[in-house]
Structures are given as structure tokens and as C-alpha cells.
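Fold and contact review
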Amino acid sequence: MKSETDFPSPSERDLPPGRHLLLKEHLMTEIRQSEKAGAAAAPAPRRRPWLRSALVAGAVAAAVAAGVLVASPFDGEGAQAGPPSKETVAMLKDISAAAGKRDVPKGLRDDQFVYVKTKESYVSSGSDEKSRITPPHLREWWQSVDGKHTEVINDPLDGFDNERMPPDLPLVEGDKHYRSLQKLPTDAGTMRDWLYRVASGGESADQNVFVLVGDLSGGLMPPEQGAALFLAASKIPGVEMIDDVADAAGRHGVAIARENDGERQELIFDKETKEFLGERQVAVRDLPSGFEKGTVTGHSAVLERKVVDEAGARP
């Protein structure tokens, strides 16, 4: 997405052009989401799955440095949503229990990388500002274990051919590298407090937190922190369970979902193993962007998550 306005921050100065573009794209999405008054005339592109998990910390830092304001955390739909049902809470407890039993990577080193391969589609705006849904395509991301090593993104549709991304240092609270995740709370109540403190975006506080839960689910999460994360999610108002949802790879699972601003975001889990499969976004009403009720406006599937020794190396 092109813009005539740049929002540089000190941490962006030495970044390659591709990194600048990704940061600016995410930042402009956040800014447009905050401009609710003009949303009907020029709707913001919706959140691209897996983008926030890599870049939200840098984009928010850039916004603060530029003096850009985002919407109040109490704005947006869902602010008065009720508590999750007993069935939803029970499912999240099962998901939490499964997350707590996952294996810890053995011999994990700071100089290694978490390789995440996804299949995804999402809403994007072209030069004519019209919103379109991209065709399903593969994306690969090599995320530094400690956040201090150069990462790689391979996403041909966006023009990133094994794009190298130097680390943004110093790391800020809320980054999603494995070593940082290991420092998060293992108690559900404390985890919930942390989520509400660090979640960012132009939606309600509850929606911002739900988005952050989805972002954390897509990567490699330490078992104890993963268990606390999903118990904390059971306390988010407006969260509901949907029995049967398919991810971008066609795999069926149960979804933990939340409606906001005319769309429902769904986090999809395997019915048996309770492992995170992917995300889906669906229009729950006709949208100003032209998408009709029932349209899938975003789709993703986690195809592979492995630890590798080098950025760019496939398992």
C-alpha cells in the first residue's frame, strides 16, 4: 500500500526498503482504523494474518515517535459484549490444557530461528484504493529465537523474495520472539493483565486483546505461557465458540471467535489435539467496502512450525 506520508522512527533509520514498506503498511492500517468517522467513505484494509505478529512493536513505536494518535481503547463494537458462554470457557480450558502439554524445543539456542510456513489470503487495497481479497498464497517467516538476529520473510505476492530484516533493537515489551515469550506470566490472571496492558490497535480494548491472542497463537508459544494465554482468553467479553470452521488449507476445526466492526475473527483449533490451525475473518453484515454478508475476508493456515539453525533454511 503506497502513501505520500512517511512516519520514520529512530529504529527504522537503517532498515532496508522492504522493512520500511511493511512497517508503513501496518502503521497506516492502524491509523485508518482509528479514523472511524471516515470509515464508510474510505474503509481501512483489514488486518493481514501474521503481519502483526512480526511487526506490531516497531509500527507502534513509529506511531508514538510521530505523534500519531489511535482510537480510544473503549471505542468500537463489542465494548458492551457479555461474558463467554460455559461451552466457550470449557473449550478454552481444553485448549489451555493441551497447550500446557506441548513439548519444549530441546537444546534451543538464541542464534536459531522459528520457521513458520502459512497459507493465507486477506483484504488488500491497490493503487485505486479498492479493496480486494488476495488469492491464497504461501508465506514463510524465519523468526529469531532471541530477537537479536536478522530474520527473513519470503512472500512473493507482496514482493518479498527472502527479504532480510535486521533486528529492531533494543527489543520492546510485547515483541513475540521465543525468549521474550518465555518471560511472560504463567498465571492466567496476570497474563490477562499483561494482554490488556500491551495490546494495541484502533479497536476496543477487548478486541485489541483478542487480536493479540491470535497473533501469539500463530507462532511457537512456550507451554506454560500458552496454557495461561488461553485461560486468559476465556475472560474476554464477547468471545464465542463455533463448532465447525475450515482454515485456508481446508482443515476443519472448532473456532474461538469474536465479532467486531461488522466482521467476525475466528481462531481455529484442531478438534482432537486442540492445536492452533489458523484464522478466518468473515463479514457478519454487508460492509462499506462492498463485501457482502458471509464473505470470507481473511483466511490463513499454519502449515509448518519448526526450529532451524539458519534464517532461510527450510526444515
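Residues numbered from 1 in each chain as written. Predicted model: local features only at pLDDT ≥ 70, side-chain atom pairs only at ≥ 80, totals over all residues. Heavy atoms only, no water.

**Some remarks on the nonpolar core**
One finds L195, V213, L216, F230, I256 and F269 to be the most contacted residues of the largest nonpolar core, which totals 29 residues. Every element with two or more residues in this core is listed here: α3 (86-100), α5 (188-198), α6 (205-218), α7 (223-233), β7 (252-260) and β8 (263-269). In this view, V213 contacts L195, L229, F230, A233, I236 and L267; residues no more than four positions away in its chain are not counted. Formed by six residues, the second largest nonpolar core is a distinct cluster that contains I242, V245, A257 and I268. (Core = buried A, V, L, I, M, F, W, Y, C linked by side-chain atoms within 4.5 Å. Buried < 20%, exposed > 50% of the residue type's maximum accessible area, 1.4 Å probe, protein only. Helix = DSSP H or I, 4+ residues; strand = E, 2+ residues; numbered from the N terminus. Contact = heavy atoms within 4.5 Å.)

**So, the side chain of K176**
Checked against the element boundaries, K176 lands in the loop between β5 (160-165) and α4 (178-181). Nearest to the buried, unbridged K176 among oppositely charged side chains is D215, at 5.0 Å. Within the structure, K176 has its side chain in polar contact with the backbone oxygen of G174 (distance 3.2 Å). (Lys, Arg positive; Asp, Glu negative; His and termini not counted. Salt bridge = Lys/Arg side-chain N within 4 Å of Asp/Glu carboxyl O. Polar contact = N/O pair within 3.5 Å; in protein donor to acceptor, adjacent residues only side chain to side chain.)

**Focus: the pairing of strand β10 (residues 296-308)**
Looking down a regular strand, the side chains alternate between one sheet face and the other. As paired elements, strand β1 (residues 113-125) and β10 share ten bridges and run antiparallel to each other. Across the sheet, residue K117 finds its bridge partner in β10, namely E304. Inspection of the sheet shows strand β9 (residues 276-283) paired to β10 by three bridges, in the antiparallel sense. Bridge pairing in β10 links R280 to H299. (Pairing = 2+ DSSP bridges.)

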